[in-house]
Amino acid sequence: MQRGGKVVSLSVDHKPNRGDERERILKLGGKITYNKYSNIHRVGGVLAVSRAIGDLQLHPYVICEPEIITKTIENQDLFVILASDGLWDVMSNEDVAMFVYKKYMKYANTANIATTATTNTESINTKINNTNTNTNNTQHNDPNTNTKTNNSNKNNSNKTNTNTISPFTYIAKQLCEEATILGSTDNITVEVIDLSKF
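Rules behind the numbers
- Residues numbered from 1 in each chain as written.
- Predicted model: local features only at pLDDT ≥ 70, side-chain atom pairs only at ≥ 80, totals over all residues.
- Heavy atoms only, no water.
- Pairing = 2+ DSSP bridges.
- Helix = DSSP H or I, 4+ residues; strand = E, 2+ residues; numbered from the N terminus.
- Core = buried A, V, L, I, M, F, W, Y, C linked by side-chain atoms within 4.5 Å.
- Buried < 20%, exposed > 50% of the residue type's maximum accessible area, 1.4 Å probe, protein only.
- Contact = heavy atoms within 4.5 Å.
- Salt bridge = Lys/Arg side-chain N within 4 Å of Asp/Glu carboxyl O.
- Phe/Tyr/Trp six-rings, centres within 6.5 Å; stacked < 30°, edge-to-face > 60°.

With that out of the way, let us pick up the pairing of strand β4 (residues 40-43). Here is the key point about a regular strand: its side chains alternate between the two faces of the sheet. In terms of strand pairing, strand β3 (residues 32-35) meets β4 through four bridges, oriented antiparallel. What sits directly across from N35, in β4, is I40. Where β3 folds back onto β4 in an antiparallel hairpin, the turn is made up of four residues, including N39, whose phi is positive at roughly 60 degrees.

Spelled out as structure tokens, the structure:
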């Protein structure tokens, strides 16, 4: 999570080499393997995490009991990242947070430029419309035709884009691509949640 420019870890990965997880697995008679080339520990030589939904063949060593951590959302919180181990295997919390923040600021700056351009365009259009209104007042056209045209323009001006996609959606996709480039071979699933809306 990005909080006031700092990275706050909300969880500790359930890895077979995590102290308490390793102890639990070994006490139950499970085995943990280690590949020095990939630097990955696996339960029974298969799974790189010690808690998961499914993988029944690895029970009771791999369990699905979650660890629940409660945090209060503060005004300075910008975003939180939910991702599978395919991302965290190749990027640290700090790397991911910095990646998202830089991309977000880039999108924000682009949006500000676009908003400024749109505002200027609307101002110009308003001036043109006012000029057209004055011109129409001096002409003796069919009032019924003018009414239909004005209503049509009014309806078009009231239309807004309701399909706006959050920049965090694109950033999540870019994170998946970045993890792939860095060599991740595991499942890569990423969601970036905008906390400023809460």
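Grouped together as the largest cluster of nonpolar side chains are 17 residues, with contacts concentrated most on V100, L175, V190 and V192. Contributing elements (two or more residues each) for this core: β5 (77-83), α3 (93-137), α5 (167-181) and β6 (190-194). The biggest single contributor to this core is α5, with six residues. Aside from chain neighbours lying at most four places away, what touches V100 is F79, I81, F168, I171, L175 and V192. By size, the runner-up hydrophobic cluster in this structure holds eight residues, among which are I32, L47, L58 and V62.

Moving on, we come to the side chain of K15. Mapped onto the fold, K15 is located in the loop between β2 (6-7) and α1 (19-27). Among residues more than four places away in sequence, those in contact with K15 are E21, A48, V49, S50, D85 and D89.

Tallying each qualifying case throughout the model produces nine salt bridges. Among the salt bridges present, the one from E67 reaches R18, with a minimum N-O distance of 2.9 Å. Pair noted here: E67 is in the loop between β4 and β5 and R18 is in the loop between β2 and α1, with a separation of 49 residues, a long-range link. Among the charged side chains, a network of salt bridges with common partners joins R3, E74 and D77.

With that settled, the discussion passes to the packing of aromatic side chains. Between two aromatic rings, the relevant description is the distance of the centres plus the angle of the planes. Under the counting rule described, the total for this entry stands at three aromatic pairs. Where Y107 meets Y170, the ring centres are 6.3 Å apart and the plane angle is 25 degrees; that geometry is what we call stacked. Pair noted here: Y107 is in helix α3 and Y170 is in helix α5, with a separation of 63 residues, a long-range link. A relative accessible area of 29% places Y107 in the partly exposed class.

Distances and angles like these do not, on their own, reveal function.
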